[in-house]
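What follows is each chain in one-letter form.
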Amino acid sequence: MKGVTPVKLIRIPKADKHKIICMNPDFSKYTDGLMPVIIQDSISNKVLMLGFMNEESLAKTNTDGKVTFFSRSKQRLWTKGETSNNFLLVKEIIVDCDNDTLLIKASPTGPVCHTGADTCFNENNSSFSLEKLEGIIADRKNNPSASSYTSSLFAKGINKIAQKVGEEAVELVIESKDDNKEKFLSEAADLLYHYLVLLQAKNYKLQDVINVLAQRHK
Ligand SMILES: [Zn+2]
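From a predicted model like this one, the values you see are computed outputs, not experimental measurements.

This part takes up the nonpolar core. One finds Ile-39, Met-53, Val-67, Phe-69, Leu-88, Leu-102 and Ile-104 to be the most contacted residues of the largest nonpolar core, which totals 18 residues. Mapped onto this core, the elements with two or more residues apiece are β3 (35–41), β4 (47–53), β7 (88–95) and β8 (102–108). Counting residues per element, this core draws most heavily on β7, which supplies four residues. With sequence-adjacent residues up to four places away left out, Ile-39 is seen in contact with Lys-46, Val-47, Leu-48, Met-49, Val-67, Phe-69, Leu-88, Ile-104 and Ala-106. Membership of the second largest hydrophobic core comes to ten residues, among which are Leu-153, Tyr-193, Val-197 and Leu-206.

Below, the structure written as structure tokens:
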């Protein structure tokens with residue numbers, strides 16, 4: 001059996017900067033020096049596009065925090081979004097087991113494809129998910145806005161957030177005794193939302209809870 005390449009984790013200390021997991025991408029494996037790069041949405045996990053990078057474009061991507069490819073048609077470095085303003089903001093760079101393919105997890109600032117589609121595979125990337133909600137909640141915490149209810153919860157602190165979770169749980173209990181579908185689902189949504197806020201306030205992710213459940217399921 002082939003040995004697994006040990007992966008070295010380098011965390012960049014700046015709080016909101018992307019992290020690199022790698023890395024010795026081996027560009028010499030390609031005669032033209034161009035390595036395939038899979039771009040994946042860091043929140044939805046949808047595959048957004050495939051591009052190519054040479055060493056220089058990877059270095060620029062890492063420095064700028066925006067994805068820069070080597071365009072085979074233009075034969076030059078091409079920062080995605082340089083004309084459309086639809087950039088790919090880098091969250092994580094990972095090299096594969098053979099050091100010859102890159103996976104970049106990124107946050108797109110607009111539609112990714114030149115056709116205007118969300119992804120180059122014409123998939124819808126705007127669908128709502130708990131992961132997406134969790135990402136929005138994290139953003140409201142890290143970049144507070146005066147008009148955001150979520151930001152105001154974080155500003156009030158952990159006691160208030162925990163209290164809200166308790167209140168919403170009680171409201172759900174009360175609704176569960178009645179037969180009003182709309183009110184029951186609304187209270188269930190309120191509880192789930194405040195639960196995610198509480199996890200975020202404690203610096204945990206939903207995945208941490210899922211890991212505990214998975215462990216129990218074994
Ligand atoms: Zn495309």
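Attention now moves to the side chain of Ser-148. Relative to the helices and strands, Ser-148 resides in the loop between α2 (130–142) and α3 (149–156). Residue class for Ser-148 comes out buried when judged on its relative accessible area of 9%. Polar side-chain contacts of Ser-148 include one of 3.2 Å to the backbone nitrogen of Thr-150.

The next thing to look at is the coordination of the zinc ion. For the zinc ion, the full set of protein donor atoms is Cys-113 (SG) and Cys-120 (SG), at a range of 2.1 to 2.3 Å. Judged by relative accessible area, Cys-113 falls into the buried class, the value being 11%. Note on Cys-120: relative accessible area 37%, which makes it partly exposed.

Here the focus is the packing of aromatic side chains. Tallied over the full model, the rule gives two aromatic pairs. Ring geometry for Phe-69 versus Trp-78: centroids 5.6 Å apart, planes at 25 degrees, classification stacked. Using a relative accessible area of 1% as the deciding quantity, one classes Phe-69 as buried. Positioned above the aromatic ring of Phe-87 is the side chain of Lys-66, whose terminal nitrogen or guanidinium carbon lies 4.2 Å from the ring centre. Looking at Lys-74, its charged tip hangs above the ring of Trp-78, at a distance of 4.9 Å from the centre.

What counts, and where the lines are drawn
Residues numbered from 1 in each chain as written. Predicted model: local features only at pLDDT ≥ 70, side-chain atom pairs only at ≥ 80, totals over all residues. Heavy atoms only, no water. Core = buried A, V, L, I, M, F, W, Y, C linked by side-chain atoms within 4.5 Å. Buried < 20%, exposed > 50% of the residue type's maximum accessible area, 1.4 Å probe, protein only. Helix = DSSP H or I, 4+ residues; strand = E, 2+ residues; numbered from the N terminus. Contact = heavy atoms within 4.5 Å. Polar contact = N/O pair within 3.5 Å; in protein donor to acceptor, adjacent residues only side chain to side chain. Donors = N, O, S within 2.8 Å, 3.2 Å for Na, K, Ca; no water. Phe/Tyr/Trp six-rings, centres within 6.5 Å; stacked < 30°, edge-to-face > 60°. Lys NZ or Arg CZ within 6 Å of the ring centre and 35° of its normal.

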